[in-house]
Amino acid sequence: MASTLVVYLHGFRSSPNSSKAVKTKEAIKAHSTMSDPIHWYCPQLLASPKQSMDMVIEYIQANPVDRLIVIGSSLGGFYANYLAERYQCKAVTLNPAVRAPRELAPHVGVMTAYDSDEPFDFRPEYIDELCALQVERLTRPENYFLIAAKGDELLDWKEMVDFYSGAQQFVLEGSDHGISEYSEYLPQVMRFISN
């Protein structure tokens, strides 16, 4: 009996309650069977990139499985690159922040999370922590599936396409950073992680 762990990593100031996380969880649960169980892990990531990755790595190591798959949205896609390179596993990245240190440098300071009033303190040292996690080049592009939206209002889809050269790619005409019609593309995500 082969077991799979799917780790879903949400974006900056987001949470496990984001619509893409919830929809992916539902699809994963529907695919999981007694003979081919799929375990789901979608933690609330911390403001500190290092602490976030330490927490996820600790969970992965404490829950050994036959297959590991990471899915990440935006900043979560940046983290997914790091984990996929570390574990040489499959990764699905949804409008990923391929250069998160540069993208997030202007966001240092205290703000709130998107779906709560909780203060979110993004400190200057967290940019250094992101730099330490930066993947410069994918060693096995065939392990990756990129979904990038040309209508992303926050990140440059062309940079994503270049970074994931050689990977399976699905570039959306229009759409937005949150990929609001994500449900339509979920079957392709499931197909990629099932093979």
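In what follows, the structure referred to is the one given above.
Residues numbered from 1 in each chain as written. Predicted model: local features only at pLDDT ≥ 70, side-chain atom pairs only at ≥ 80, totals over all residues. Heavy atoms only, no water.

**Student:** I'd like a description of the pairing of strand E1 (residues 4-9), backed by residues and values.
**Tutor:** Burial analysis of E1 places 6 of its 6 residues in the buried class, which makes it a mostly covered element. Neither face of E1 is exposed, since Thr-4, Val-6 and Tyr-8 on one face and Leu-5, Val-7 and Leu-9 on the opposite face are all buried. Between the parallel pair E1 and strand E2 (residues 38-41), the chain is carried across by helix H1 (residues 19-31), and the sense of this crossover is right-handed. In this sheet, strand E3 (residues 67-73) lies alongside E1 in parallel orientation, the contact comprising 6 bridges. Along E3, the bridge assignment pairs Leu-9 with Gly-72. (Buried < 20%, exposed > 50% of the residue type's maximum accessible area, 1.4 Å probe, protein only. Helix = DSSP H or I, 4+ residues; strand = E, 2+ residues; numbered from the N terminus. Right-handed = clockwise from strand over helix to strand, strands pointing away. Pairing = 2+ DSSP bridges.)

**Student:** So what's going on with the nonpolar core? Which residues, and what values?
**Tutor:** Val-7, Val-56, Tyr-79, Phe-122 and Leu-130 are the most contacted members of the largest nonpolar core, which has 42 residues in total. In terms of residue count, the dominant contributor to this core is helix H3 (residues 75-87) (6 residues). Contact partners of Val-7, with chain neighbours within four places excluded, come to Tyr-41, Val-56, Ile-60, Leu-68, Ile-69, Val-70 and Ile-71. Membership of the second largest hydrophobic core comes to 24 residues, among which are Val-6, Tyr-8, Leu-172 and Met-190. (Core = buried A, V, L, I, M, F, W, Y, C linked by side-chain atoms within 4.5 Å. Contact = heavy atoms within 4.5 Å.)

**Student:** Can you tell me about the sheet that holds strand E8 (residues 168-172), naming the residues and giving the values?
**Tutor:** Reading across from one edge, E2-E1-E3-E4-E7-E8 is the order of the 6 strands in this open sheet, with parallel pairing throughout. At either margin of the open sheet sits one strand with a lone partner, and together these are E2 and E8. Ignoring strand direction, the axes of neighbouring strands in this sheet form an average angle of 15°. Along the sheet, helix H2 (residues 49-62) contacts E1, E2 and E3; its crossing angle with E1, the most-contacted strand, is approximately 170°. (Axes fitted to C-alpha atoms, helices over the stretch in contact; angles between N-to-C directions.)

**Student:** Run through the packing of aromatic side chains, naming residues and quoting values.
**Tutor:** With the rule as written, the count across this model stands at 10 aromatic pairs. Ring plane angle 85° and centroid distance 5.4 Å describe the contact between Phe-12 and Phe-120, whose orientation is recorded as edge-to-face. Residue Phe-12 is located in the loop between E1 and H1, and its partner Phe-120 is located in strand E6 (residues 119-122); the two are separated by 108 residues in the primary sequence. Given a relative accessible area of 11%, Phe-12 falls into the buried group. Of the residues examined, Phe-120 reaches a relative accessible area of 14% and is grouped as buried. When the ring of Phe-12 is compared with that of Phe-122, the centres are 5.0 Å apart and the planes differ by 80°; the resulting orientation is edge-to-face. Placement of Phe-12 in the loop between E1 and H1 and of Phe-122 in strand E6 is noted, with a sequence separation of 110 residues between them. Residue class for Phe-122 comes out buried when judged on its relative accessible area of 1%. Here the aromatic cluster, defined as three or more aromatic residues joined through ring pairs, consists of Phe-12, Phe-120, Phe-122 and Tyr-126. (Phe/Tyr/Trp six-rings, centres within 6.5 Å; stacked < 30°, edge-to-face > 60°.)

Keep in mind these numbers describe shape, not what the thing actually does.
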